[in-house]
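This is what each chain is made of:
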2 protein chains.
Amino acid sequence: MEIFKERIRKEGKALNEHVLKVDGFVNHQVDPELMEQIGEEFAKHFEEKNITKVVTIESSGIAPALMTARKLGKQLLILKKKTSKVLNEDLYQTPVISFTKGEEYNLTMSKKFIEEGDRVLIIDDFLANGEACSGAIRLLEEAKAEIAGVGILIEKSFQPGRERLEKQGIDVYSLARIKSLAEGKIEFLGE
Amino acid sequence: MEIFKERIRKEGKALNEHVLKVDGFVNHQVDPELMEQIGEEFAKHFEEKNITKVVTIESSGIAPALMTARKLGKQLLILKKKTSKVLNEDLYQTPVISFTKGEEYNLTMSKKFIEEGDRVLIIDDFLANGEACSGAIRLLEEAKAEIAGVGILIEKSFQPGRERLEKQGIDVYSLARIKSLAEGKIEFLGE
């Protein structure tokens with residue numbers, strides 16, 4: 001998505017070879033107009049997939065996921081990060097370790113909001129090692145939903161997240177694919 | 001806001017006299033169309049206030065705050081909950097204790113996204129004791145911004161949040177004001 005990549009070029013910052021800072025328009029300050037354009041892009045890309053529900057993981061994916069759900073006319077489900085295992089038969093839970101943030105949490109979803117046969121589109125801001133996304137997929141498959149696709153704002157293509165998802169047969173669409181952040185330079189794949 | 005109150009009547013659940021569950025359309029599953037209507041309502045109510053920025057606290061306020069910011073044509077700033085005090089001169093931080101959730105965190109905001117004279121509209125899902133909202137106000141006042149208003153989806157009017165904010169001269173607009181949740185019944189103020 002060219003306007004999004006342009007924004008990253010202008011306002012993004014490669015803090016080191018692993019960390020891209022986009023806190024001015026994606027995950028601390030958020031540009032609502034950009035989020036609407038992103039929502040349109042994802043809705044267009046996945047329109048043939050008969051999506052029945054959009055799912056994201058709190059909290060940086062909420063803004064683009066909400067706009068995507070709005071465009072598709074479907075409900076949004078926000079998976080929660082709980083620090084403790086909650087004993088409750090109405091919940092699905094799975095542990096997720098975030099290498100980037102050095103935190104561990106239990107990704108949590110109420111059973112009542114996903115039905116067998118739901119066709120789910122997962123939206124998230126970053127794809128790096130694919131830990132969070134794989135956790136979401138585990139929960140959704142436990143609920144017998146189908147993963148109709150994964151929409152990512154920024155993919156760190158030098159990390160194995162995409163490969164891991166594609167091995168499971170998942171259709172991954174990333175708006176910006178980063179080849180390298182070395183030496184403070186943001187390089188996109190295919191450029 | 002009548003359609004929102006109607007939704008609470010139909011789908012909300014008074015778990016006990018302090019807890020109202022709205023996880024089917026506000027904070028776990030989210031209805032994007034309802035969020036858009038809520039955004040329109042807040043934008044209309046505060047349109048004379050010359051808002052320059054919308055602020056919310058992660059993560060349940062993000063959806064309605066994003067839609068409000070979109071309608072107002074302004075940027076959204078999401079205040080972060082950090083468990084540790086981050087030593088960084090580019091950040092404002094203040095401790096917040098959530099009585100409801102029994103957690104303590106440091107509400108965190110980058111200095112670069114708020115300027116002196118910014119006129120801020122704070123949006124959040126719940127107002128109970130006003131702890132989170134008061135924390136946001138402390139950070140924003142430290143940054144010399146003006147609080148142009150506070151927009152709340154659900155106010156628990158039997159708790160002191162509104163009184164606390166109004167004592168500071170803050171204009172509080174709540175879409176649904178709950179008088180009581182006793183005996184499993186949801187009662188609104190003025191009914």
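Below is a short write-up of the structure. Please read these numbers as outputs of a predicted model, since none were measured by experiment.

Quick notes on the relation of the copies chain A and chain B
Phase 1: Relative to chain B, chain A is turned by 180° and slid 0.0 Å along the rotation axis, the superposed coordinates differing by an RMSD of 0.0 Å. Seen this way, the second copy is the image of the first under a two-fold rotation axis. For chain A, the smallest separation between a C-alpha atom and the rotation axis is recorded for Ser59 of chain A, amounting to 2.8 Å.
Phase 2: Interface overlap between copies is the fraction of interface residues in one copy that are interface residues in the other; for chain A against chain B it reaches 100%, indicating a shared surface.

What to know about the side chain of Ser59 of chain B
Phase 1: For Ser59 of chain B, the location among the structural elements is in the loop between strand 4 (53-57) and helix 3 (62-72).
Phase 2: Residues in contact with Ser59 of chain B, not counting those within four places in the same chain, are Glu58, Ser59, Ile62 and Lys80 of chain A.

Concerning unusual backbone geometry
Residue and element names in this part refer to chain A.
Phase 1: In this chain, Glu58 is followed by Ser59 through a cis amide linkage whose omega measures 0°.
Phase 2: Backbone geometry places Lys144, a non-glycine residue, at a positive phi of 65°.
Phase 3: Residue class for Lys144 comes out exposed when judged on its relative accessible area of 52%.

Points about the environment of Ser134 of chain B
Residues and elements named next belong to chain B.
Phase 1: Examined against the element boundaries, Ser134 turns out to sit in helix 4 (residues 131-142).
Phase 2: With 52 residues separating them along the chain, Ser134 and Ile186 place their C-alpha atoms 26 Å apart.
Phase 3: Residues within four places of Ser134 in sequence aside, it is in contact with Arg164, Leu165 and Gln168.

About the cut-offs
Residues numbered from 1 in each chain as written. Chains lettered and ligands numbered in written order. Predicted model: local features only at pLDDT ≥ 70, side-chain atom pairs only at ≥ 80, totals over all residues. Heavy atoms only, no water. Least-squares fit on C-alpha atoms with pLDDT ≥ 70 in both. Contact = heavy atoms within 4.5 Å. Helix = DSSP H or I, 4+ residues; strand = E, 2+ residues; numbered from the N terminus. Buried < 20%, exposed > 50% of the residue type's maximum accessible area, 1.4 Å probe, protein only.

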